[in-house]
Structures are given as structure tokens and as C-alpha cells.
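Given next are the chains, with one letter for each unit.
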Amino acid sequence: MGILIEKAGIFTTVQDMGREGYQKMGFRVSGVMDRRAYTVANLLVGNDGTEAALEFVMQGPTIVFEEDAVIALGGGEFGASLNGDPLLNDVACQVHKGDRLELGFIRKGNYGYLAVRGGLDVPKVMGSRSTDVKCRLGGYQGRKLQDGDRIGVLPVEHAGVNGGKGKRKLTGMFSGHHKTTCESEASLVPEVWQEKERNVTVRVVLGPQEDYFTRAGIQTFATQEYTVTDQCDRMGFRLDGPEIEHNEKGADIISDGIAFGSIQVPSHGKPIIMMADRQTTGGYTKIATVISTDLPKLVQCRPGGTVRFRIISVEEAQLYYRIEQEECKKLKDKLTLL
Amino acid sequence: MSEYPRVLPAGDCSAVVEFGNTICEQTGGRIKSYMHILKQSAPEGVAEAVPTFRSVLIQYDPAKILYGELKQRLEALAQNCTSDDQAQGRVVRIPVCYGGAYGPDLAFVAQNAGLTEKEVIGRHAGREYLIYMLGFLPGFPYLGGLDEKLYTPRLETPRVRIPAGSVGIGGEQTGIYPLDSPGGWQLIGTTPVTVYDPDREQPIPYQAGDRIRFCPVSEEEFKRIKESGVWEF
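Position numbers for residues start from 1 in each chain and track the written sequence from start to end. Lettering for chains starts from A, numbering for ligands starts from 1, and both go in the order in which the items are written. Selection of residues for local features in this predicted model requires a pLDDT of at least 70, selection of side-chain atom pairs for listing and counting requires 80 or more, and totals for whole chains, interfaces and linings are taken over all residues. Excluding hydrogens and water, the side-chain figures rest on all heavy atoms present in the structure.

Peer 1: Is there a simple way to think about the overall build of chain B in this case?
Peer 2: Looking only at helices and strands, chain B features 5 helices and 13 strands. For chain B, whose C-alpha radius of gyration is 20 Å, the value lies close to the compact-globule estimate of 17 Å for 233 residues. Its C-alpha atoms give chain B principal-axis dimensions of roughly 55 × 40 × 35 Å. Partly exposed residues are those whose accessible area sits between 20% and 50% of the maximum for their type, while under 20% is buried and over 50% is exposed, using a 1.4 Å probe and protein chains only. Within chain B, the fraction of its 233 residues that count as buried is 56%. For chain B, contacts bridging at least 24 residues in sequence account for 63% of all contacts bridging at least 6. Areas reported here follow the Shrake-Rupley algorithm with a probe of radius 1.4 Å; residue values treat only the protein chains shown as occluding. Accessible area for chain B stands at about 10400 Å²; split by element, carbon and sulfur atoms hold 49% of it. Both charge centroids of chain B, one from 23 positive and one from 29 negative side chains, sit 2 Å from each other. Helix numbers and strand numbers start at the N terminus; a helix is a DSSP run of H or I with at least 4 residues, a strand a run of E with at least 2. C-alpha atoms define the radius of gyration, and 2.2 Å times the number of residues to the power 0.38 defines the globule rule. Here, two residues are considered to be in contact whenever any of their heavy atoms come within 4.5 Å of each other. For the purpose of counting charges, residues Lys and Arg are taken to be positive, whereas Asp and Glu are taken to be negative. His and the chain ends are not included. Just so you know, the charge point we use is NZ for Lys, CZ for Arg, CG for Asp and CD for Glu.

The following block contains the structure:
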């Protein structure tokens with residue numbers, strides 16, 4: 001029972017919001033790359049928002065449902081089809097036992113998500129169901145998925161969904177000759193959250209080591225365009241572009257902690273942005289940090305895309321953070337009312 | 001007045017509290033003390049604190065507290081920390097079977113130091129090492145205080161797989177590999193205890209600020225501890 005991974009795709013893993021509280025012991029956080037797309041997909045299926053989901057990149061998986069389920073796709077677009085009929089992102093969809101969901105090659109964006117009502121049933125390891133592939137822990141047997149893997153789905157009452165008694169009604173019809181229903185909910189998701197641009201401007205907060213750079217170096221960073229190289233994975237995105245100049249203090253520091261979105265600049269002067277699977281500590285200067293509201297934009301910008309940085313204050317960044325939290329809450333409320 | 005401690009933003013959801021810019025026991029002690037204070041009275045919204053050689057990274061939820069207020073609170077708490085906080089750090093005993101198949105590079109370390117293998121064991125096990133931080137791998141301790149005589153260059157060609165539990169020396173450092181990992185350290189022994197156990201209440205038996213003492217055990221004791229799983233850290 002649950003879902004059968006008929007074809008696993010290139011790098012498909014089980015993730016949730018990550019393993020919080022163990023970084024002081026050296027455990028990386030892991031968790032989803034695009035927290036917003038993942039949260040929205042979870043909310044659409046009636047989950048609380050932090051249930052385990054599938055994350056995939058470049059080539060998505062093919063999945064056969066071995067029981068009825070409610071699903072939603074989010075993030076990158078992989079030309080999804082359900083039993084041969086196209087399935088859009090950002091809508092909840094009732095699927096039945098035996099249905100086949102096929103995800104193809106990436107078309108738009110970068111990282112995709114499949115949320116299932118109740119959440120995926122893998123053991124919690126140290127408070128999280130996220131896969132840490134490098135340390136072989138959490139998720140499905142601590143590894144990326146392979147053809148033939150089977151994953152259970154948690155019953156709604158065990159998943160803390162809507163306080164355990166949620167019975168979201170699914171209305172509307174999806175695909176005429178199917179008894180599959182679906183809601184036209186995409187309109188509820190703010191349009192700007194659904195954008196997947198190839199050329200992005202992300203806002204950053206300077207620091208903590210901006211004092212290791214020359215004025216010209218900061219100027220370069222804030223005005224020039226950088227290309228997303230193909231050395232990008234869940235650990236970090238390496239960018240290419242004009243060199244960012246360090247001052248006489250150099251490019252190395254005594255190691256300190258690393259946040260999601262930290263922009264390291266080693267002595268070669270090219271930025272490396274630290275992502276979900278980043279190591280807990282590092283010894284390179286960090287010129288700035290991408291604000292959490294703009295991380296999804298960056299995550300969905302695949303190799304070949306371009307990035308510009310715009311410096312804002314931490315106060316402004318936190319205002320956007322709060323606005324987004326409010327939007328999320330509103331979406332959750334609207335969905336509960338449906 | 002010293003520029004430390006100071007609080008800097010690390011994006012909209014993190015801040016870093018810096019206590020210095022050197023690796024030394026005094027800074028290490030302050031950080032240990034600060035972690036203790038945070039445990040007692042962390043400001044609301046603080047989710048996680050990550051200590052390193054010279055700083056503590058604070059992750060927080062800006063929906064609960066904004067940077068300006070957090071910075072003030074963190075600065076105020078930093079006024080209360082002391083550097084003579086060693087009493088609070090535990091001494092964690094780690095049994096080690098040295099040499100032979102358990103420590104294939106012990107002979108090289110001895111030769112490099114101009115000591116006998118027995119002398120190397122005596123010096124390595126004869127002191128306590130402060131854990132400055134855990135990183136690189138889950139539970140990998142960055143230890144201070146290795147006997148200078150035991151400084152040994154890393155392997156020219158790193159091993160593809162170092163088994164979990166290996167105790168080694170790399171340059172001026174010594175430590176334990178909690179997981180199988182590639183690595184270039186000289187391996188001098190193996191511990192029979194499971195350093196990383198995700199199902200134990202504390203998956204790693206020590207934390208930054210504790211001290212490690214290596215306790216030599218014979219092959220028989222190694223096997224007994226390994227089989228029974230019984231060891232008082």
C-alpha cells in the first residue's frame with residue numbers, strides 16, 4: 001500500500017522542513033530546497049504544511065498509486081501527466097488505486113514537489129523525515145529513491161492534519177472520462193509564488209563578513225550579473241561572473257556557522273550560495289545572505305540562468321518574511337473553508 | 001573596550017554572536033558559557049544555536065522576534081558569560097584499542113615522533129582534549145591540545161573509507177570518525193563504542209565544551225565492550 005516508485009528519476013528524495021536542533025552536533029539540516037512550493041503543495045492537499053513529500057530535480061519520477069490518495073504538485077514543472085492526461089501544478093487532485101503519475105524532464109524551474117494527503121510514511125530520525133544522503137540517514141533508508149521502492153502514506157489522523165479531523169471537500173472535475181476530481185485552486189496561490197524565471201534578482205542582507213571585501217568588491221557583487229553553473233546541487237549553487245575583490249584580510253576565516261542562503265566567496269572571488277544540504281560550519285568569508293522570501297526564486301533558477309543581487313536591510317527583509325507568513329496563513333484559511 | 005562580543009546579521013532568519021577571532025581556550029570557554037545561558041534563557045523565537053571555535057550562529061523565526069530586539073537580547077546575555085566555565089564541561093571517556101589492525105598507522109606516528117608505540121599511546125591517552133566544536137561529519141569533534149610531539153602529517157593519498165570509530169591524528173589535530181568516511185588522517189586506534197547512534201536520546205555522547213579522554217583498552221576489552229554495548233562515557 002502507498003506509492004510505488006516505478007521509475008525513480010535522477011535524484012528523488014523524501015524531504016520535510018529539515019532536521020532542526022542537531023547542527024551543534026554536526027548534523028546538516030537537509031529538508032526541502034523550495035520551502036514555499038513544498039508548503040503550498042502540502043496545504044493544497046489538506047495537510048498542515050510540514051508533512052514529508054517527494055522532491056525531484058531534472059528528471060522526475062513515475063509513480064503508481066497503490067491506494068486512493070489526494071496529491072498536489074508544486075515547484076518546478078516536469079510535464080506531469082496522470083494516466084496520460086496533463087496534470088497542472090498547484091491543484092489538489094484525487095487519485096485512485098492503480099493510477100499512474102508520470103513526470104518528465106524539467107520544463108520550467110528546477111526542483112519539483114509531490115505532496116500526498118497525510119504525508120509520506122518514513123521513520124522520523126531525530127525529529128525529521130528528511131533524507132540526508134551524505135550521512136545516509138532519514139528519508140527512505142537514508143538514500144535517494146530507486147526504481148521499485150515502495151513508500152507508505154500516513155493515515156490522515158496520524159499526520160496531525162487539520163488537527164486530525166480534517167475532511168477537506170474536493171470539488172470540481174479533473175479530466176472528463178475519469179472519476180478524478182480536482183479543484184481549480186491555482187488561482188488561490190499568489191501568482192508571484194508560481195513564477196519560475198530564468199533571470200532572477202534576489203534580495204540579500206549584507207554580512208556577516210562584508211568587512212573582508214573592498215568597496216569595489218561589494219560594488220561588483222551588488223551590480224554585476226552572475227551565471228548559475230552546472231555545479232549546483234542540494235548542497236550549494238556555484239555561480240560564475242566577475243570576481244568579487246577581498247581586502248587585505250583575505251578569503252578565509254576561522255570556521256563559523258552557515259545559514260540557508262549564505263553567499264560564500266572563496267579566494268577565487270566567485271560566489272557559492274549554500275543550500276539545504278550545506279555543511280553546518282565553514283571557513284570561507286560570507287559576503288551576504290539571500291533573504292528567505294527570495295530563496296525559492298533562486299532554487300528554481302537552474303544552470304544557465306542568471307542572478308543579480310540587490311542589497312536590502314535586515315529590517316526590510318523581515319517585513320517581507322512576515323508578509324509571506326501572512327499570505328501562507330490566508331491560503332491555509334481559504335483552503336480550510338472550501 | 002573590546003569589539004567582542006558582537007552580534008551580526010546572517011540573513012533574515014539567523015544572527016551570529018562573535019566572541020573573538022582566534023582559536024583559544026578562553027574564547028572556547030566563553031562560548032560554552034554562552035550556550036549554557038542560551039539553554040536557560042534563550043529569547044523567544046530562537047530555534048537553534050550552533051557553536052564554533054569563535055562564534056555562535058543563532059537561527060530564529062522573525063515572525064516571533066525581529067533582528068533589532070534579538071540583537072539587544074543576545075548582547076545582554078553575552079554580558080553574563082564567563083571564560084572560566086570549565087566546571088560545567090563534562091569529561092567524556094572514550095575507550096580505544098590502539099595499534100595493530102585497530103590503528104594501522106600507529107607505527108608511522110611513533111616513527112615520525114621518534115617514540116615507541118607505547119609512548120605514543122601514553123601521550124595520546126594521557127591528557128584531556130577540549131571539544132571546540134562538532135562539524136565536518138555528525139559528531140566529528142574538533143579537539144584542542146594534542147601533544148606537539150604527536151603532530152603527524154596527513155596521508156599523502158587519503159583513504160577511500162575510514163571505518164566509523166577510528167581514532168586518528170591529522171597534522172596538529174586528533175579526533176574520532178563517527179561515521180564511515182573518506183579521510184587522510186593517520187589512524188592510531190579504534191573505539192568499540194558507537195559514537196553516533198540516531199536512536200539514542202543523545203545521538204552523539206559529547207558536545208562542544210566537553211573534554212574527551214581516551215582510555216586504552218586491550219583487544220579482549222574491545223571485543224567485550226563492542227559485544228555488550230556497555231560503557232560508561
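Still more to cover.
Peer 1: Could you clarify how one ought to interpret the sheet that holds strand β13 (residues 211-216) of chain B in this entry?
Peer 2: What holds strands together in a sheet is hydrogen bonding between their backbones, with the strands either parallel or antiparallel. Residues and elements named next belong to chain B. Judged by pairing direction, the sheet is mixed, and its 7 strands sit side by side in the order β7-β6-β13-β5-β12-β9-β10 without closing on themselves. Edge positions in the sheet fall to β7 (141-144) and β10 (173-176), since each of these pairs with one other strand and no more. Across the sheet, the mean angle from the axis of one strand to that of its neighbour is 40 degrees, orientation sign disregarded. Any two strands with at least two DSSP-identified bridges between them are counted as paired. Every axis in this analysis is a line fitted to C-alpha atoms, fitted for helices over the stretch in contact. Angles between the N-to-C directions lie between 0 and 180 degrees.

Peer 1: What's the story with the domain arrangement of chain A in this structure? I'm lost.
Peer 2: Accessible area lost during the coming together of the parts is what is often quoted as the interface size. Residues and elements named next belong to chain A. Note that domain bounds follow an automatic or database assignment of domains. Along its sequence, chain A is organised into domain 1 (3-187) and domain 2 (199-326). In this structure, domain 1 and domain 2 have C-alpha centres spaced 29 Å apart. Listed per partner, the contact involves 25 residues of domain 1 and 19 residues of domain 2. Summed over both partners, the accessible area (1.4 Å probe) lost when two parts come together is defined as the buried area. Surface buried jointly by domain 1 and domain 2 totals about 1800 Å² across both partners, of which 48% is contributed by carbon and sulfur atoms.

Peer 1: Would you take a moment to explain the interface of chain B and chain A for this structure?
Peer 2: Facing 47 residues of chain B, the contacting portion of chain A comprises 41 residues. Buried surface at the junction of chain B and chain A, both sides included, amounts to about 3400 Å², of which 58% is carbon and sulfur. Of all residues in chain B, the largest losses of buried area upon contact with chain A belong to B:Asp12, B:Glu48 and B:Arg54, amounting jointly to 17% of the total for that side. Think of a salt bridge as a Lys or Arg side-chain nitrogen and an Asp or Glu carboxyl oxygen that are within 4 Å of each other. At the junction of chain B and chain A, the tally comes to 1 salt bridge. Here A:Asp256 makes a salt bridge to B:Arg54, at a shortest N to O gap of 3.4 Å. Identification of polar contacts relies on pairs of N or O atoms within 3.5 Å, with a donor-acceptor requirement for protein atoms, meaning one able to donate a hydrogen and the other able to accept it, and with residues adjacent in sequence counted only if both atoms are side-chain atoms. Inspection of the chain B/chain A interface yields 16 residue pairs in polar contact (both at pLDDT 80 or more). When its residues are assigned to classes, the side of chain B that touches chain A shows 29 nonpolar, 10 polar and 8 charged. Residue polarity is assigned by list, with Asp, Glu, Lys and Arg as charged and Ala, Val, Leu, Ile, Met, Phe, Trp, Tyr, Cys and Pro as nonpolar; anything else, Gly included, falls into the polar class.

Peer 1: I'm lost on the sheet that holds strand β2 (residues 14-18) of chain B in this one. Help?
Peer 2: All names here are of chain B. Judged by pairing direction, the sheet is antiparallel, and its 4 strands sit side by side in the order β1-β2-β4-β3 without closing on themselves. Every other strand in the sheet has two partners, leaving β1 (6-9) and β3 (46-51) as the edge strands with one partner each. Strand-to-strand twist across the sheet, computed as the mean angle between neighbouring axes with direction ignored, equals 20 degrees. Helix-sheet contacts for helix α2 (residues 67-79) involve β1, β2, β3 and β4 (55-60), and the interaxial angle to β1 is about 155 degrees.

Peer 1: Would you explain the domain arrangement of chain B in this entry?
Peer 2: All names here are of chain B. Looking at the assigned domains, one finds that chain B contains domain 1 (6-87) and domain 2 (89-228). Each of domain 1 and domain 2 has a C-alpha centre, and these two points are 29 Å apart. At the interface, 11 residues of domain 1 touch 10 residues of domain 2. Together, the buried faces of domain 1 and domain 2 total about 890 Å²; carbon and sulfur atoms form 58% of this surface. Where domain 1 meets domain 2, there are 1 salt bridge. Put simply, Arg211 and Glu25 hold a salt bridge, and the shortest N to O gap is 3.2 Å. Counting every contact that joins domain 1 to domain 2 gives 2 residue pairs in polar contact (both at pLDDT 80 or more). For the side of domain 1 that touches domain 2, the leading source of residues is helix α1 (residues 25-41), giving 3 residues. The residue makeup of the side of domain 1 that touches domain 2, split by class, is 5 nonpolar, 3 polar and 3 charged.

Peer 1: Whenever I open this one, the pairing of β1(B) confuses me. Can you help?
Peer 2: In regular strands, side chains alternate between the two faces of the sheet. Residue and element names in this part refer to chain B. Relative to β2, β1 runs antiparallel, the two being bridged by 4 bridges. Counted as the bridge partner of Val7 is Val17 from β2. Between the end of β1 and the start of β2, which pair antiparallel, lie 4 residues, with Gly11 showing a positive phi angle near 90 degrees.

Peer 1: Got a minute to help me understand the side chain of A:Asn110 in this structure?
Peer 2: Residues and elements named next belong to chain A. With respect to the helices and strands, the residue Asn110 is situated in strand β10 (residues 108-116). On the accessibility criterion, Asn110 (7% relative accessible area) is buried. A distance of 3.0 Å separates the side chain of Asn110 from the backbone oxygen of Val299, its partner in a polar contact. If near-sequence neighbours (up to four positions away) are discounted, Asn110 is found in contact with Phe56, Val57, Met58, Gly76, Phe78, Phe237, Val299, Gln300, Cys301 and Arg302.

Peer 1: Where do I start with the packing of α1(B) against α2(B) in this structure?
Peer 2: In helix packing, the relevant descriptors are the interaxial angle and the interaxial distance, both defined with respect to the helix axes. All names here are of chain B. Relative to each other, α1 and α2 sit at 125 degrees, their axes nearing to 10 Å. As judged from the angle between their axes, α1 and α2 are oblique. α1 and α2 meet at a crossing whose hand is right-handed. Residue-level inspection shows Tyr34, Ile37, Leu38 and Ser41 of α1 in contact with α2, the latter providing Leu74, Leu77 and Ala78. A breakdown of the residues in the contact of α1 with α2 according to their chemical character gives 6 nonpolar, 1 polar and no charged. For classification, angles of less than 35 degrees are called roughly parallel, those exceeding 145 degrees roughly antiparallel, those between 65 and 115 degrees roughly perpendicular, and all remaining angles oblique. For any helix crossing, the convention is left-handed if the near helix is rotated counterclockwise from the far helix by under a right angle, and right-handed if that rotation is clockwise.

Peer 1: Could you clarify how one ought to interpret the pattern of salt bridges in this entry?
Peer 2: Oppositely charged side chains are able to pair whenever their charged atoms sit close together. Tallying each qualifying case throughout the model produces 29 salt bridges over all chains. The partner of B:Glu3 in a salt bridge is B:Arg6, and the shortest N-O contact between them spans 3.5 Å. Here the residues in one salt-bridge network are A:Asp256, A:Lys286, B:Glu3, B:Arg6, B:Glu18 and B:Arg54, joined through shared partners.

Peer 1: Whenever I open this one, a nonpolar patch on the surface confuses me. Can you help?
Peer 2: Residues A:Ile10, A:Met58 and A:Phe105 make up a contiguous nonpolar surface patch of about 280 Å² in total accessible area. Along the polypeptide, A:Met58 turns up in the loop between β3 (53-57) and β4 (62-65). Exposure above 30% relative accessible area and the absence of a salt bridge qualify a residue for a patch, where like charges join within 9 Å and nonpolar side chains (Val, Leu, Ile, Met, Phe, Trp, Tyr) within 5 Å.

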